[in-house]
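The lines below spell out each chain.
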Amino acid sequence: MAAEKPKSAGVWPTVKPFVNGGASGMLATCVIQPIDMIKVRIQLGQGSAGEVTRNMLKNDGIGAFYKGLSAGLLRQATYTTARLGSFRILTNKAIEANDGKPLPLYQKALCGLTAGAIGACFGSPADLALIRMQADATLPAAQRRNYTNAFHALYRIVADEGVLALWKGAGPTVVRAMALNMGMLASYDQSVEFCKDTLGLGEAATVVGASSVSGFFAAACSLPFDYVKTQIQKMQPDAQGKYPYTGSLDCTMKTLKAGGPFKFYTGFPVYCVRIAPHVMMTWIFLNQIQKLEKKAGL
């Protein structure tokens, strides 16, 4: 009987946080994809949320809201799998080092920053494909890339621009991910402790309340970096072959000079509506997946 104990500590406990994170993120993306499309087009200067929605329905039909879904799912399968899995591994190790006591907020924030960087490194190619597929319809017909799906986009990027082009804009992507995950992951764990221990809320109310707080802080911390990342990833050279920005710092300074600091928060209401529900649903789906696994004895 004693010889069977090591079997319970196999590969599954190690990969479980990664599998759960990726699955919950992909499920949330299926619901949020239309709002994400609207957010990207607002950032590209196509008007307000109402104008963008009306134009998309009029010109391209309902299918336009799901353009780039394959890239979005691929992004979650890489980015969210890595960030949520690594965050849980990091926090578990930190709790062990802290003799089982809850972590202070700053340690949770550090774990979130690290997990965000790890996830972004894995998810950057899919994120680039997603941004380009979403922005394609806004370009003149002659400039459109016409990617058919995420894998076609990745193949074309490698064939036309080289392998390293898959990480174009990776700098702002990683920084944005670090900011988002610091706000999302640290605030969620802290809010769960507050809702349970201080307010005495039940499981459902705790998950919803903590998810709402997590979503707001994720959006507030990450939008400026998301704005710069989007501008870098969608830019194309002019007739002389010159790009509008030389890099993320150049984009930041030109944007600051042209529109001031609030320019980075262009589309914040829609971004918050997109990010917060995605964060909320990711946590809710994750909670439900964990409950199902518990019932199944996994």
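- Taking an unreviewed UniProt entry as the reference, the protein chain is identified by name as Mitochondrial dicarboxylate/tricarboxylate transporter DTC-like belonging to Salvia divinorum.
- Recorded under Subcellular location (unreviewed entry), the UniProt text for the protein chain is reproduced unchanged: "Mitochondrion inner membrane".
- Per UniProt, the protein chain carries the Sequence similarities (unreviewed entry) text "Belongs to the mitochondrial carrier (TC 2.A.29) family."

## What about a nonpolar patch on the surface?
Next, step 1: A surface patch of nonpolar side chains, about 430 Å² in accessible area, is lined by V11, W12, V15, V19 and L298.
Next, step 2: Its place among the elements puts W12 in helix α1 (residues 12–43).
Next, step 3: Of the residues examined, W12 reaches a relative accessible area of 30% and is grouped as partly exposed.

## Quick notes on the environment of T246
Next, step 1: Relative to the assigned elements, T246 resides in the loop between α7 (203–234) and α8 (248–259).
Next, step 2: Assessed through its relative accessible area of 77%, T246 is described here as exposed.
Next, step 3: Distance in space between the C-alpha atoms of T246 and I232 is 8.7 Å, their sequence separation being 14 residues.

## Observations regarding helix α2 (residues 49–60)
Because an α-helix packs 3.6 residues into every turn, residues spaced three or four apart end up facing the same way.
Next, step 1: Spanning twelve residues, α2 covers 16 Å between terminal C-alpha atoms, matching the ideal 16 Å at 1.5 Å per step.
Next, step 2: Immediately downstream of α2, the backbone of G61 shows phi near 80°, a positive value.

## What to know about the side chain of T282
Next, step 1: Of note, T282 is situated in helix α9 (residues 268–295).
Next, step 2: At 2.6 Å, the side chain of T282 and the backbone oxygen of H278 are in polar contact.
Next, step 3: Setting aside its immediate chain neighbours within four residues, T282 contacts S24, G25, A28 and L84.

## Here's the deal with the packing of aromatic side chains
Next, step 1: Enumeration according to the criterion identifies four aromatic pairs in this entry.
Next, step 2: Seen from their ring centres, Y188 and W283 are 3.8 Å apart, and the 5° between their planes marks the pair as stacked. One end of the pair, Y188, is in helix α6 (residues 170–198); the other, W283, is in helix α9, and 95 residues separate them in sequence. Here the two residues Y188 and W283 agree in accessibility, since each one is buried.
Next, step 3: Ring centres 6.1 Å apart and planes at 85° place the aromatic pair Y227 and F264 in the edge-to-face group. One end of the pair, Y227, is in helix α7; the other, F264, is in the loop between α8 and α9, and 37 residues separate them in sequence. By the burial criterion, Y227 is buried, and F264 matches it.

## Overview of the nonpolar core
Generally speaking, nonpolar side chains in soluble globular proteins are found buried as a group.
Next, step 1: Ranked by size, the top nonpolar core spans 25 residues in total, and within it L180, M184, L185, I275 and W283 carry the most contacts.
Next, step 2: Elements with a contribution of two residues or more to this core: α3 (69–97), α4 (105–135), α6, α7 and α9.
Next, step 3: Per-element tally for this core: the top contributor is α6, with seven residues.
Next, step 4: Non-local contacts of W283, meaning those with residues more than four positions away in its chain, are made with L84, M184, L185, Y188, V207, S211 and S214.
Next, step 5: Formed by 14 residues, the second largest nonpolar core is a distinct cluster that contains M133, Y147, A150 and L154.

## Considerations on the UniProt feature "repeat: Solcar" (unreviewed entry) in the protein chain
Next, step 1: The UniProt record annotates "repeat: Solcar" (unreviewed entry) at residues 12–93, 103–194 and 202–292.
Next, step 2: Counting secondary structure, residues 12–93 comes out at 84% helix and 0% strand; the distance between its end C-alpha atoms is 17 Å.
Next, step 3: Between the C-alpha atoms that bound residues 202–292 the distance is 18 Å, and the span itself is 76% helix and 0% strand.

## Digging into the environment of I62
Next, step 1: Summarising the element assignment, I62 is placed in the loop between α2 and α3.
Next, step 2: As a C-alpha pair, I62 and P34 span 28 residues in sequence and 9.2 Å in three-dimensional space.

## Observations regarding unusual backbone geometry
Next, step 1: Despite not being glycine, D99 has its phi angle at roughly 60°, a positive value.
Next, step 2: Position of D99 among the secondary structure elements: in the loop between α3 and α4.
Next, step 3: For N146, which is not glycine, the phi dihedral falls at a positive 55°.
Next, step 4: Relative to the helices and strands, N146 resides in the loop between α4 and α5 (150–161).

## A few points about the packing of α1 against α9
Helix packing geometry: the angle between the two helix axes and the distance between the axes.
Next, step 1: With their axes 8 Å apart at the nearest point, α1 and α9 run at an angle of 155° to one another. With respect to α9, the axis of α1 lies roughly antiparallel. Read as a crossing pair, α1 and α9 show a hand that is right-handed.
Next, step 2: Classifying every residue of the contact of α1 with α9 gives 17 nonpolar, eight polar and five charged.

Rules used throughout
Residues numbered from 1 in each chain as written. Predicted model: local features only at pLDDT ≥ 70, side-chain atom pairs only at ≥ 80, totals over all residues. Heavy atoms only, no water. UniProt positions renumbered as here; feature names shortened; annotations may be inferred. Patch = residues over 30% accessible without salt bridge, like charges linked within 9 Å, V, L, I, M, F, W, Y side chains within 5 Å. Areas by Shrake-Rupley, 256 points an atom, 1.4 Å probe, with all protein chains shown as cover. Salt bridge = Lys/Arg side-chain N within 4 Å of Asp/Glu carboxyl O. Helix = DSSP H or I, 4+ residues; strand = E, 2+ residues; numbered from the N terminus. Buried < 20%, exposed > 50% of the residue type's maximum accessible area, 1.4 Å probe, protein only. Expected span 1.5 Å × (residues − 1). Polar contact = N/O pair within 3.5 Å; in protein donor to acceptor, adjacent residues only side chain to side chain. Contact = heavy atoms within 4.5 Å. Phe/Tyr/Trp six-rings, centres within 6.5 Å; stacked < 30°, edge-to-face > 60°. Core = buried A, V, L, I, M, F, W, Y, C linked by side-chain atoms within 4.5 Å. Axes fitted to C-alpha atoms, helices over the stretch in contact; angles between N-to-C directions. Parallel < 35°, antiparallel > 145°, perpendicular 65-115°, else oblique. Left-handed = near helix turned anticlockwise from the far one by under 90°. Nonpolar A, V, L, I, M, F, W, Y, C, P; charged D, E, K, R; others polar.

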